[in-house]
Amino acid sequence: MARDHMHQLGLSQRARIMFGDGMQGYPAAAPYYAIVVAAPGPVIPISLLVQLTLGWRLIAPEGTTQQRLVLVERTGQATWRREELVAVSFVPMRAGTQI
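Residues numbered from 1 in each chain as written. Predicted model: local features only at pLDDT ≥ 70, side-chain atom pairs only at ≥ 80, totals over all residues. Heavy atoms only, no water.

Asks: Whenever I open this one, the nonpolar core confuses me. Can you help?
Replies: Across soluble globular proteins, nonpolar side chains have a tendency to be buried as a group. Within the largest apolar cluster, 13 residues are counted, with the highest numbers of intra-cluster contacts made by Val-37, Ile-44, Leu-58 and Val-72. Broken down by secondary-structure element, the contributors of at least two residues to this core are helix H2 (46-49), strand S2 (52-62) and strand S3 (67-76). Leave out the neighbours within four places in its chain, and Ile-44 touches Leu-49, Leu-58, Ala-60, Glu-62, Val-70, Val-72 and Arg-82. (Core = buried A, V, L, I, M, F, W, Y, C linked by side-chain atoms within 4.5 Å. Buried < 20%, exposed > 50% of the residue type's maximum accessible area, 1.4 Å probe, protein only. Helix = DSSP H or I, 4+ residues; strand = E, 2+ residues; numbered from the N terminus. Contact = heavy atoms within 4.5 Å.)

See below:
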C-alpha cells in the first residue's frame with residue numbers, strides 16, 4: 001500500500017521503504033546526505049551516525065522519560081557536532097524488527 005502511494009506521488013525513484021531494525025539504519029545504501037529518525041532510543045545509535053556523509057546531518061528524538069530533538073552534523077571521519085533543539089515526546093524505538 002505505501003509503495004503504491006509513493007508510486008502515485010512520483011516518489012518511487014527517490015525514496016525507499018525498508019523493513020528492518022531502525023537502530024541499524026541501512027548501511028548497504030550509505031552514505032546518506034540526511035537521516036531523519038522518527039522514534040527515539042535512549043541515545044542516537046553510532047550505527048546511524050557513521051552512515052552520514054561528511055558535512056551532512058541527522059535529526060532524531062533521543063531519550064526515554066525526558067526526550068529531546070537532537071541535530072547531529074558529521075564533522076570528520078569519527079567526529080560529530082551535536083545540538084539539542086527542543087523537548088519532544090515520541091513513541092520509543094526498539095531494537096530488532098517488530099510486526
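Asks: I would appreciate a short explanation of the layout of surface pockets in the present structure.
Replies: Empty space among the atoms can be located by rolling a probe the size of a water molecule over them. By volume, the largest pocket amounts to about 590 Å³. Forming the boundary of the largest pocket are 21 residues, of which Met-18, Asp-21, Gly-22, Gly-25 and Tyr-26 lie nearest the centre. Here the lining of the largest pocket gets 3 residues from one element, more than from any other, and that element is strand S1 (residues 32-36). Each residue belonging to the lining of the largest pocket can be placed in one class, and the counts come to 11 nonpolar, 7 polar and 3 charged. (1 Å grid on protein atoms, 1.4 Å probe; cavity = no way out; pocket = protein on both sides within 12 Å on 5 of 7 lines; lining within 4 Å. Points joined across faces, edges and corners; volume = space filled by probe spheres on them. Nonpolar A, V, L, I, M, F, W, Y, C, P; charged D, E, K, R; others polar.)

Asks: How should I be thinking about the sheet that holds S1 in this particular structure?
Replies: By definition, the strands of a sheet pair up through backbone hydrogen bonds, in either a parallel or an antiparallel sense. Here 4 strands make up an open sheet; going across it, the order is S1-S2-S3-S4 and the pairing mixed. On the outer flanks of this sheet lie S1 and strand S4 (79-88), each paired with one strand and no other. Within this sheet the neighbouring strands show an average axis-to-axis angle of 10 degrees, counted without direction. Pairing of S1 with S2, which is carried by 4 bridges, proceeds in the parallel orientation. Note on S2: the bridge partner recorded for Ile-35 is Leu-58. (Pairing = 2+ DSSP bridges. Axes fitted to C-alpha atoms, helices over the stretch in contact; angles between N-to-C directions.)

Asks: Honestly, empty space enclosed by the protein in this entry has me stumped. Any pointers?
Replies: Tallied over the full model, the rule gives 1 cavity of 30 Å³ or more. Every residue lining the largest cavity is listed: Met-23, Val-37, Ala-39, Pro-40, Gly-41, Val-43, Ile-44, Pro-45, Leu-48, Ala-60, Pro-61 and Met-93. Its residues assigned to classes, the lining of the largest cavity comprises 11 nonpolar, 1 polar and no charged.

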